[in-house]
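# What the coordinates show
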Amino acid sequence: MAHVLTVRPTARPRRLPPVLAVVAVVALLALPLAPGGGGGAHPADVVSALVVLYSALRLLRDRRRPLSRTAAVVLGLPVLGLAVAAVGAASPGAGPAGLGRYLQVFVLVPAAVLLLLRDRGDVRLLTWSMVGLALWQGAVGVHQYVTATGASYQGERIRAVGTFGPQDVMGMATVVSLGLVCAVGLALGRTPARQRLFAAGCALVLLLPLALSFSRGAWIATAVTCAVQLLLAGVRRALAVGAVVVAAAVVLVGGFGVGTAMLQERVGSITEVTDAPDQSVTDRYTMWAAAAGMWRERPLTGVGLKGFPEHRDAHASLALSSGSETDGAGAGYRRQPLLSPHNMYLLVLAEQGLIGLLCLAGSWLALLVLGLRRLIAERRDRGAVPDCAFVACGLLVWQLTDFAYADIGGPSTVLTAVCFGLAAWWALGSREQGVAGR
């Protein structure tokens with residue numbers, strides 16, 4: 001009897017998850033900038049544009065509906081205000097340039113992240129990549145402090161700036177803060193105990209480089225966000241974790257003397273608004289007043305995209321200095337002009353008016369409300385909250401708090417776009433999509 005040779009079908013090659021394209025954007029932020037650099041597009045910005053193109057090509061190939069109606073409305077709402085402000089820009093080139101940047105950060109990249117994330121496994125992969133980036137930048141920052149090779153701060157080159165250089169002193173602080181928020185979210189969710197402990201350890205480690213960044217805005221935003229995350233996880237857990245964090249801070253700052261005097265002075269300066277503030281605080285509040293003056297001049301449409309630098313001197317008082325001084329961290333002395341109010345809400349109000357602020361802030365508020373509502377529904381239906389919820393809501397709370405002390409600008413801005421994409425995935429994604437891969 002003849003034997004019949006059966007050939008088993010070969011296994012199909014396993015495809016790489018689409019979210020790796022977004023992880024590549026995060027990974028590129030680990031690259032050092034050229035000394036004294038800061039102009040032009042960062043590689044992460046270039047790859048983020050390719051990620052948007054990649055997500056669009058996937059939609060065309062799969063022939064599926066790109067976004068739900070709610071997602072399209074929430075993510076597309078800022079376009080209205082941006083279009084009006086672009087038309088009113090002072091110069092022909094400023095309008096398209098500003099429009100492209102805002103669309104990248106608040107519309108296109110978040111939509112691409114939302115489309116490329118398939119399940120909670122993808123979210124965890126992206127979240128851990130952000131924690132890894134924070135640990136890397138934090139390690140570089142601590143080394144800068146220990147070896148006195150960081151950016152100049154009060155005459156000493158001890159300010160931790162990571163690979164971003166002195167021209168973007170907020171870069172490392174932003175990355176470390178977001179990584180810490182991600183680690184806290186992972187530690188609070190319903191995941192294996194070993195993973196939660198490791199995430200909690202990462203969060204404690206990141207406290208040191210965050211302190212050495214000397215960034216008051218990042219400190220405030222991180223403290224507010226972690227408090228919100230802990231309260232969402234439960235009051236008893238919040239008290240227990242808070243005690244651990246306080247103990248770790250006492251050991252780091254008190255026990256090891258990590259920048260004790262300077263840190264105390266920096267923390268104390270947060271409240272010194274009218275009682276002998278330092279020049280940086282004076283400059284910030286002077287520019288806030290200038291932004292408010294621009295808005296009062298054109299309340300509905302603002303002065304146009306990228307119009308703040310041109311109208312600043314006409315609305316600023318004589319208390320404003322000519323610029324900020326940067327030095328160290330591989331770059332020479334440089335005086336940087338003050339071209340933004342360091343407050344996202346006032347920047348939007350000055351350049352886009354009430355129309356732009358309502359559109360942008362309305363989109364952010366919708367994401368926050370929808371995200372928190374879904375988190376509460378998960379707790380009610382399943383009895384526990386997944387780590388992805390704590391991460392997504394935490395990142396959004398951090399951004400909205402930090403926007404009171406900072407605005408978009410620099411290489412780390414692309415990470416803001418990724419955060420809004422993660423928040424959109426949780427707030428606007430279907431519940432079936434979120435259950436998969438849990």
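The structure contained in this document is the topic of the report that follows. Here the structure is a predicted model, which means the values were calculated and not measured.

### Things to note about the overall build of the protein
For the protein, the count of helices and strands is 16 helices and four strands. In the protein, which comprises 438 residues, the proportion classed as buried is 50%. Contacts in the protein between residues far apart in sequence, at least 24 positions, make up 78% of those at least 6 positions apart. Counting every atom, the protein has about 20100 Å² of accessible surface; 66% of that belongs to carbon and sulfur.

### Observations concerning helix H15 (residues 413-428)
Taking 1.5 Å of rise per residue, the 16 residues of H15 would be expected to cover 22 Å, and the 22 Å separating its terminal C-alpha atoms lies within 8% of that figure. Counting buried positions along H15 yields 16 of 16 residues, so the element is predominantly enclosed.

### Description of unusual backbone geometry
The phi torsion at Ala-148 lies on the positive side, around 55°, for a residue other than glycine. At His-342, a position not held by glycine, the phi torsion is positive, near 55°. Its place among the elements puts His-342 in the loop between strand S4 (331-336) and helix H13 (344-382). On the basis of relative accessible area, His-342 is assigned to the partly exposed category, the value being 28%.

### Digging into a nonpolar patch on the surface
Together, Leu-80, Val-84, Leu-300, Leu-354, Ile-355 and Leu-358 make up an exposed nonpolar region whose accessible area comes to about 520 Å². Contributing elements (two or more residues each) for the nonpolar patch: helix H3 (69-87) and H13. A per-element tally of the nonpolar patch places H13 first, with three residues. Of note, Leu-80 is situated in helix H3.

Basis of the calculations
- Residues numbered from 1 in each chain as written.
- Predicted model: local features only at pLDDT ≥ 70, side-chain atom pairs only at ≥ 80, totals over all residues.
- Heavy atoms only, no water.
- Helix = DSSP H or I, 4+ residues; strand = E, 2+ residues; numbered from the N terminus.
- Buried < 20%, exposed > 50% of the residue type's maximum accessible area, 1.4 Å probe, protein only.
- Contact = heavy atoms within 4.5 Å.
- Areas by Shrake-Rupley, 256 points an atom, 1.4 Å probe, with all protein chains shown as cover.
- Expected span 1.5 Å × (residues − 1).
- Patch = residues over 30% accessible without salt bridge, like charges linked within 9 Å, V, L, I, M, F, W, Y side chains within 5 Å.
- Salt bridge = Lys/Arg side-chain N within 4 Å of Asp/Glu carboxyl O.

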